[in-house]
Amino acid sequence: MEYLSTRGGMPPQRFSDILLGGLAPDGGLVMPASIPQIDDATLQSWRGLSYADLAFQVLSRYCDDIPADDLKRLIDETYTPAIFGTEDITPLVPLEPASDAQGPLYIEQLSNGPTLAFKDMAMQLLGRLFEYTLLKQDRWLNIVGATSGDTGSAAEYAMRGRQHLRVFMLSPAGRMSAFQRAQMFSLMDDNIYNIAIEGVFDDCQDLVKAVAGDLAFKERHSIGSVNSINWARVVAQVVYYFRGYLLATAGQPYGADGQPQQVSFTVPSGNFGNVLAGHIAKRMGLPIRRLVVATNENDVLDEFFRTGRYRVRSARDTHATSSPSMDISKASNFERFVFDLHGGDAERVRALWQQLGETGEFDLAGTDAFAKAAAWGFVSGRSTHADRLQTIRHWHQKAGVLVDTHTADGLKVAQAYREPGIPMLCLETALPAKFAESIVEAIGQQPPVPAGLEGLEARAQRWVRMPADVRQLKAYVAART
Ligand SMILES: *Cc1c(COP(=O)(O)O)cnc(C)c1O
């Protein structure tokens, strides 16, 4: 498999070459040169596979320059009940059975990994892939990242104790939830450095950009990142769409028309990484009918799918909501989707992103490209704080299932797109324990704390505090790399 840039300025590369990188050298995002196709016979033959075996089938088509035995071992070490809590890895939980009016509703649980959010699904594999590749190439990687919560902890739990890797994670001092802070700061591994910056998340991100923008420093200290545009993260996420499909259609592989049964997915979305993986699964041949993009009050993506207009927001116009992991002003993975909408026309993508840089928006209304989004089954909706609370309450009372605020956004939006005969799978993106305050607001009681995490907030914590000063940050990193 060869990889290209969405802006056309990168010679073809192999998976191992793009694994550790961020943006392509021309500022674009890497995409596979072609999408591997899975026919129905192959899909049906995957029904009996374990999660790890299924992951190998999907991933080996994208990572074909890693020897199969090595890839298999890394995958087998990742998707285990010890790490993901259950034999199923991503269990399907029925919320409502089928009726004449609509197909059954499920939650696909993706949040039973170490940091209680779906980012573990990809990040746990990424940690092992990084270590494997770095050892093989005899290189070190020093990850400098910024987090407001979920990404940073998922990265630290994936990279902790790994050889040839260090993580320097910046977070805004005093602005994470007590649970999130305890999760990160209680790690005592030698290769994990937590840095609480005196500022807000944007200050942290600016510092990371300043460090990465100093090319000499970056080179000298082998600085890298693990942000949501990493292609390996996207492709690891493709697997659970196959898994959810196979579980939901186990009793009924074919519809009344004799065609493979279709299902729809609803995905709480921020940077468009999760739902992009669903799109890739569909492009591989998985019978997905609808991909429902659910946003919160930060509705950049909902606006696009309703109108064709993509209008990024300023930091000032980005609301702080009770589903904070979806508080984005622009969707970093969206460029990959727009590339695909234009049939891989890098020239066009480059022009659109130039326009975006100049005016903060572009408009695809009325174009063939925008018509394709609908033809591919994309629809969208938005959810508000009141919707989240009401949805959490509703499913808690009705089905005895407690969901977090992000998953609630998905469930709220999903209702409008359920159809007779089509199962609807809502992806769960975090556990309620991470967002206790909103859960108490919704149902008047604390969410359960998963086994092993009782007393997390009382554990010893280790971090350093630093002003938002790039020279101090560089000196800190330089002294440890
Ligand atoms: C990251 C995250 C999202 C958004 O996922 P994207 O891939 O950025 O669209 C939604 N919910 C939770 C809990 C997250 O951590």
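Residues numbered from 1 in each chain as written. Predicted model: local features only at pLDDT ≥ 70, side-chain atom pairs only at ≥ 80, totals over all residues. Heavy atoms only, no water.

The domain architecture assigned to the chain consists of domain 1 (89-115 + 230-439) and domain 2 (120-229 + 454-478). Spacing between the C-alpha centres of domain 1 and domain 2 amounts to 27 Å. Taken together, the contact pairs 22 residues of domain 1 with 22 residues of domain 2. Here domain 1 packs against domain 2, burying approximately 1800 Å² in sum over the two surfaces, 56% of which is carbon and sulfur. Counting the surface domain 1 buries against domain 2, the share from its top three residues, Thr-115, Arg-233 and Lys-434, is 37%. Scanning the region where domain 1 abuts domain 2 turns up zero salt bridges. In terms of residues, the side of domain 1 that touches domain 2 owes the most to one element, helix H11 (residues 231-248), which gives six residues. Per-class residue counts for the side of domain 1 that touches domain 2 are ten nonpolar, nine polar and three charged. (Domains from an automatic or database assignment. Contact = heavy atoms within 4.5 Å. Buried area = accessible area lost by both parts, 1.4 Å probe. Salt bridge = Lys/Arg side-chain N within 4 Å of Asp/Glu carboxyl O. Helix = DSSP H or I, 4+ residues; strand = E, 2+ residues; numbered from the N terminus. Nonpolar A, V, L, I, M, F, W, Y, C, P; charged D, E, K, R; others polar.)

The UniProt record marks Lys-119 with the feature "modified residue: N6-(pyridoxal phosphate)lysine" (unreviewed entry), using the residue numbering of this structure. Relative to the assigned elements, Lys-119 resides in helix H6 (residues 119-137). Not counting residues within four places of it along the chain, the set of residues in contact with Lys-119 comprises Asp-150, Thr-151, Ala-154 and Arg-233. (UniProt positions renumbered as here; feature names shortened; annotations may be inferred.)

This part takes up the sheet that holds strand S5 (residues 141-146). Within the open sheet, the five strands sit side by side as S8-S5-S6-S7-S15. Their pairing is parallel. A single partner strand is all that each edge strand has here, and the edge strands are strand S8 (223-224) and strand S15 (464-467). The pairing of S5 with S8 spans two bridges and is parallel. Bridged to Ile-143 within S8 is Gly-224. Together, S5 and strand S6 (165-172) form the strand contacts of H6, whose direction differs from that of S6 by roughly 140°. Across the face of the sheet, helix H7 (residues 150-159) comes into contact with S5, S6 and strand S7 (192-198) while running at roughly 160° to S6. (Pairing = 2+ DSSP bridges. Axes fitted to C-alpha atoms, helices over the stretch in contact; angles between N-to-C directions.)

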